Amino acid sequence: MAEDTVERFERQVLPYLDDAYTLARYLLHDEHDAQDAVQDAALKAFRHFGSFRQGDGRAWLLTIVRNSCYDWHKSHKMDRATVSLGDDAEAVADPRYVDDPAVQGSDRERVRAAVDALPAELREVIVLRELNDLSYREIAAVVGVPIGTVMSRLSRARERLAAALGDDSRRAG
Amino acid sequence: MTCADCQKSLGALVDEELPAGEVARVEEHLANCPECAAAHQRLLDTSAQLKGDLMRYKAPDVLKARIRATLTEPAREEKPRPMVLHATGSTRRWMRPLAAAAAIAIVSSGLTFAAMRDRAPASAVQNEVLASHIRSLMPGHLTDVASNDQHNVKPWFNGRVNLSPDVPRLDSLGFPLVGGRVDYIDGHNVATIVYTRRQHVINVFVWPSTDRSDTPPEVSSSNGYNLIHVRRGGEEIWLVSDLNLAELRTFSALVIPRG
């Protein structure tokens, strides 16, 4: 592989790893799975980088990450039971993960729980829209559905979230 | 415009995806319909709450390091370097491209040992140290004993390696201890002590040396990683990290005993 291909890939695609990892964390939950899926996606993206012309490297990478996450979920669901305790112990003791702002503040926890409770097809459009800031057209390309479907899924997702969060605040108040 | 038409367009309005002509019509309706205006406000609030409260993750440096390592790996196939991979229960799919290179590397490192029984040349040791560092960044490989307490980590090495490494606690100086593990480098069981700096992992490799002479710190960099090597008091000590060199030097001054 020519060195400049690596450089071009690093410049055009790798800046979006944070977006990619964010999407993976919401689709797979487990941080190790998310890392593996993103790594898998990055490698696939690199192999197919030749077919990527000019355009939005972010939407392109997110498309591959999304597919990797679903593949990962399918092929590793059975493995979950065999995950060693060592992995879990490390995740707890490893200070890299302790300063995760997600564990701070009950508002964040509430919103996170509501999003996690959504079915995957609604969760992914919410994450792509609200966190990745993708346009309807880009979301349609990433998910592989018409724009109208994107709009109706977003609408359903927000209705459910508004209801869930509204209930919570009434209970709290 | 009917309320039903208006409600259908609210999502696109909030997302700024509504055509300009439509925006005016919907806003006119909202100005005159409290019910639709309330629905609009609710959508705005929900969206703002999601944007504000939902966590955006940063890809950990260890993930970036793993990706960087796999990107550059195919280019090195014709010139393999020692790369020891542990076969974990489920072979991770992304390891496959490494496997071929690793197979060649294991054979060739065996030949290296056969050719130089005493000590592999410095550059070969450096490659082994770097390979151990990169392998440690793969999920589940960082530590065999995970603890931020030096009183757990130091005794854990008893009977596993041929020395009792210093395990200073440097949390207050911004280098929290993560744990330890045993690696195999240059024909030795090696004590590896793991620290972090922000998102960066620092591996400290220590093993007994047959050479009693001390060497000054020797700095090198390879593949985006910085390495510092010192021989001090009969111990070979290597520090490896993708941390910047200035901070790695600071760390080195803290962990390496003064001769």
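Please read these numbers as outputs of a predicted model, since none were measured by experiment.

Peer 1: Help me understand the overall build of chain B in this model?
Peer 2: Tallying secondary structure elements over chain B gives 8 helices and 7 strands in all. Counting only residues that meet the buried cut, chain B has 38% of its 259 residues in that class. Long-range pairs, those at least 24 residues apart, make up 58% of the contacts in chain B between residues at least 6 apart in sequence.

Peer 1: Explain the overall build of chain A here, please?
Peer 2: Per the secondary structure count, chain A includes 9 helices and 0 strands. Its helices and strands in sequence order give chain A the pattern α-α-α-α-α-α-α-α-α, from N to C terminus. When each of the 173 residues of chain A is scored for burial, the buried share is 40%. Restricting the contact set of chain A to residue pairs at least 6 apart, pairs at least 24 apart contribute 67%.

Peer 1: Teacher, can you tell me more about helix α8 (residues 136-143) of chain A here?
Peer 2: Each α-helix winds once per 3.6 residues, and so residues spaced three or four apart point in a common direction. The set of residues buried in α8 of chain A consists of Y136, E138, I139, A140 and V142 of chain A. Positive phi appears at G144 of chain A, one or two residues downstream of α8 of chain A, with a value of about 80 degrees.

Peer 1: For this particular structure, what's the right way to read the nonpolar core?
Peer 2: Burial of nonpolar side chains together is a common tendency in soluble globular proteins. Counting residues in each nonpolar core, the largest one holds 98 residues, and the members touching the most others are A20, A24, V38, L61 and V65 of chain A. If near-sequence neighbours (up to four positions away) are discounted, A24 of chain A is found in contact with A34, A37, V38, V65 and C69 of chain A. Of all hydrophobic cores here, the second largest spans 6 residues; its members include V26, L30, C36 and L43 of chain B.

Peer 1: How do you make sense of the sheet that holds strand β7 (residues 235-241) of chain B when you look at a structure like this?
Peer 2: Across a sheet, paired strands are connected by hydrogen bonds in the backbone, their directions being either parallel or antiparallel. All names here are of chain B. One open sheet holds the 7 strands; their spatial order is β1-β2-β3-β4-β7-β6-β5, and the pairing between them is antiparallel. In this open sheet, the two strands that pair with only one neighbour each are β1 (145-146) and β5 (218-222). Pairing analysis gives 5 bridges linking β5 to strand β6 (residues 225-232), with the strands arranged antiparallel. Along β6, the bridge assignment pairs S222 with Y225.

Peer 1: I'm lost on the confidence of the model for chain B in this one. Help?
Peer 2: Residues and elements named next belong to chain B. Within chain B, residue pLDDT values average 80, and 79% of them lie at 70 or more. The low-confidence segment residues 74-97 (pLDDT under 50) makes 46 contacts with residues lying over four places distant or belonging to another chain. The model gives residues 103-120 a pLDDT under 50, and that stretch makes 13 contacts with residues more than four places away or in other chains. Across the interface, the model reports ipTM at 0.78; the global pTM reads 0.56.

Peer 1: Before we go on, may I ask you to explain the packing of helix α7 (residues 120-131) of chain A against α8 of chain A in this structure?
Peer 2: All names here are of chain A. Contact geometry of α7 with α8 gives a least axis separation of 10 Å together with a crossing angle of 140 degrees. It follows that α7 is oblique to α8 by the angle criterion. Remark: the crossing between α7 and α8 carries right-handed chirality. Here E124, V125, L128 and R129 of α7 come into contact with α8, specifically with I139, V142 and V143.

Peer 1: Help me understand the environment of T210 of chain B, please; the structure alone is not making it clear to me.
Peer 2: Of note, T210 of chain B is situated in the loop between β4 (200-208) and β5. Distance in space between the C-alpha atoms of T210 of chain B and E235 of chain B is 8.4 Å, their sequence separation being 25 residues.

Peer 1: What should I look at first to understand the environment of P60 of chain B in this one?
Peer 2: Take P60 of chain B: it is sitting in the loop between α3 (34-53) and α4 (61-72). Through-space distance from the C-alpha of P60 of chain B to that of Q199 of chain B is 6.5 Å; in sequence the pair is 139 residues apart.

Peer 1: Just to check I follow, could you spell out the packing of helix α1 (residues 3-14) of chain B against helix α2 (residues 20-32) of chain B for this structure?
Peer 2: For any two helices packed against each other, one specifies the crossing angle of their axes together with the interaxial distance. Residue and element names in this part refer to chain B. It is the contact of α1 with α2, at a shortest axis distance of 10 Å, that shows an interaxial angle of 120 degrees. One finds that α1 runs oblique with respect to α2. Crossing of α1 against α2: the hand is left-handed. Between α1 and α2, the contacting residues are C6, S9 and L13 on the first element and E22, V23, V26 and H29 on the second. Residues of the contact of α1 with α2, tallied by class, amount to 4 nonpolar, 2 polar and 1 charged.

Peer 1: Is there a simple way to explain the environment of P146 of chain A in this structure?
Peer 2: Residue and element names in this part refer to chain A. Within the secondary structure, P146 is located in the loop between α8 and α9 (147-172). For P146, a count of 11 C-beta atoms within 10 Å translates into the label exposed. For the pair formed by P146 and Y136, sequence separation is 10 residues and the distance between their alpha carbons is 9.3 Å.

Peer 1: Explanation requested: unusual backbone geometry in the structure shown.
Peer 2: For residues other than glycine, phi is negative in most cases, and the peptide bonds are mostly trans. All names here are of chain B. Phi is positive for E16, which is not a glycine, with a value near 55 degrees. A tally of 8 C-beta atoms within 10 Å means that E16 is categorised as exposed. Positive phi, normally seen in glycine, also occurs at D186, with a value near 55 degrees. Tracing the sequence through the fold places D186 in the loop between β2 (177-185) and β3 (188-197).

Peer 1: What is the right way to look at the pairing of β6 of chain B in this model?
Peer 2: Along any regular strand, the residues point their side chains to alternate faces of the sheet. Residue and element names in this part refer to chain B. Burial analysis of β6 places 6 of its 8 residues in the buried class, which makes it a mostly covered element. Hairpin geometry of β5 and β6 is characterised by an intervening segment of 2 residues between the two adjacent antiparallel strands and by a positive phi of about 65 degrees at N223. As paired strands, β6 and β7 are joined by 7 bridges and run antiparallel to one another. The residue bridging N226 from the neighbouring strand is S241, located in β7.

Peer 1: Got a minute to help me understand the confidence of the model for chain A in this structure?
Peer 2: Detailed reading of the predicted model is not advised wherever pLDDT is low. Residue and element names in this part refer to chain A. Here chain A averages 79 in pLDDT, and 76% of its residues register 70 or above. The least confident element of chain A, judged by mean pLDDT, is helix α5 (residues 85-93) at 32; the most confident is α7 at 96. With pLDDT under 50 throughout, residues 78-104 is counted as low confidence; its partners more than four residues away or in other chains account for 33 contacts.

Peer 1: Help me out: how do you make sense of α3 of chain B in this one?
Peer 2: Residue and element names in this part refer to chain B. With 20 residues, α3 extends 28 Å from end C-alpha to end C-alpha; this agrees with the ideal 28 Å at 1.5 Å per step. Residues of α3 that are buried: C36, H40, L43, T46, S47 and L50. On an axial view of α3, the arc spanned by its buried residues comes to 125 degrees, and they lie on one face. Facing away from the buried side of α3 by more than 90 degrees, the exposed set consists of P34, A38, Q41, A48 and G52.

Calculation notes
- Residues numbered from 1 in each chain as written.
- Chains lettered and ligands numbered in written order.
- Predicted model: local features only at pLDDT ≥ 70, side-chain atom pairs only at ≥ 80, totals over all residues.
- Helix = DSSP H or I, 4+ residues; strand = E, 2+ residues; numbered from the N terminus.
- Buried ≥ 20, exposed ≤ 12 C-beta atoms within 10 Å, placed from the backbone.
- Contact = placed C-beta atoms within 7 Å.
- Core = buried A, V, L, I, M, F, W, Y, C linked by C-beta atoms within 7 Å.
- Pairing = 2+ DSSP bridges.
- pLDDT = per-residue confidence, 0-100.
- Axes fitted to C-alpha atoms, helices over the stretch in contact; angles between N-to-C directions.
- Parallel < 35°, antiparallel > 145°, perpendicular 65-115°, else oblique.
- Left-handed = near helix turned anticlockwise from the far one by under 90°.
- Nonpolar A, V, L, I, M, F, W, Y, C, P; charged D, E, K, R; others polar.
- Expected span 1.5 Å × (residues − 1).
- Arc of directions from axis to C-beta.

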